[in-house]
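A look at the structure
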Amino acid sequence: QVQLVESGGGSVRAGGSLRLSCAASGRTFSNLVMGWFRQAPGKEREFVAAISRSDGRVYYADSVKGRFTISRDNGKNTVYLQMNSLNPEATAVYYCAADQGYLIHLSTERYDFWGQGTQVIVSS
C-alpha cells in the first residue's frame, strides 16, 4: 500500500553534514507517521527520529538529539533527515519507515512499511 524510497546517503568526513530524503507513494502521505531508523554492521536496527502526521510533533533518539532534524513536506510526499556534526558512530544503513497509526512510536514493530535503506559512511 505504501512504497518508500530513500536517497541522499553517501560518504562524508567527521563533522560534515548530509540530508536524507524519503519519497512515499501509494496512499495519503499526510495520514502517515514517518520515522527514520538505522542499522550498523553487527548491530540491531535502532530508532533515530520520527515525526507526527501533520502537527509537527517530533521525537529524537538521545544519540542524535541536537544534531539531527526530521521534517516533512506533505505537498511533496517526502520526509527528510538533516544530519549535522556527523561522527563515525553514525555510519549505518538508514531506513525510512511509515506507520498508519496516530502516535509516534520508537520500536520497529510499530511501523508498517519500510524503504530499502541508504548507506551513510562517516570517516574520521
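Refer to the structure above for everything that follows.
The structure reproduced in this document is the subject of the present report. (Residues numbered from 1 in each chain as written. Predicted model: local features only at pLDDT ≥ 70, side-chain atom pairs only at ≥ 80, totals over all residues. Heavy atoms only, no water.)

**Observations regarding the pairing of strand E7 (residues 68-73)**
Looking along a regular strand, one sees side chains alternate from face to face of the sheet. Every second residue of E7 is oriented toward a common face, the buried set being Phe68, Ile70 and Arg72 and the non-buried set Thr69, Ser71 and Asp73. Bridge count between E7 and strand E8 (residues 78-83): six bridges; the pairing is antiparallel. Residue pairing across strands places Asp73 opposite Thr78, the latter belonging to E8. Taking the residues that link successive antiparallel strands as the turn, the E7-E8 hairpin has four residues, and the phi of Asn77 there is positive, at about 55°. (Buried < 20%, exposed > 50% of the residue type's maximum accessible area, 1.4 Å probe, protein only. Helix = DSSP H or I, 4+ residues; strand = E, 2+ residues; numbered from the N terminus. Pairing = 2+ DSSP bridges.)

**Observations regarding the packing of aromatic side chains**
Here the structure, examined in full by the defined rule, presents five aromatic pairs. Centre to centre, the rings of Phe47 and Tyr59 are 6.1 Å apart; their planes meet at 45°, and the pair counts as tilted. Taken as a pair, Phe47 in strand E5 (residues 46-51) and Tyr59 in strand E6 (residues 58-60) lie far apart in primary sequence, 12 residues in all. Residue classification places Phe47 among the buried positions, given a relative accessible area of 10%. On the accessibility criterion, Tyr59 (41% relative accessible area) is partly exposed. (Phe/Tyr/Trp six-rings, centres within 6.5 Å; stacked < 30°, edge-to-face > 60°.)

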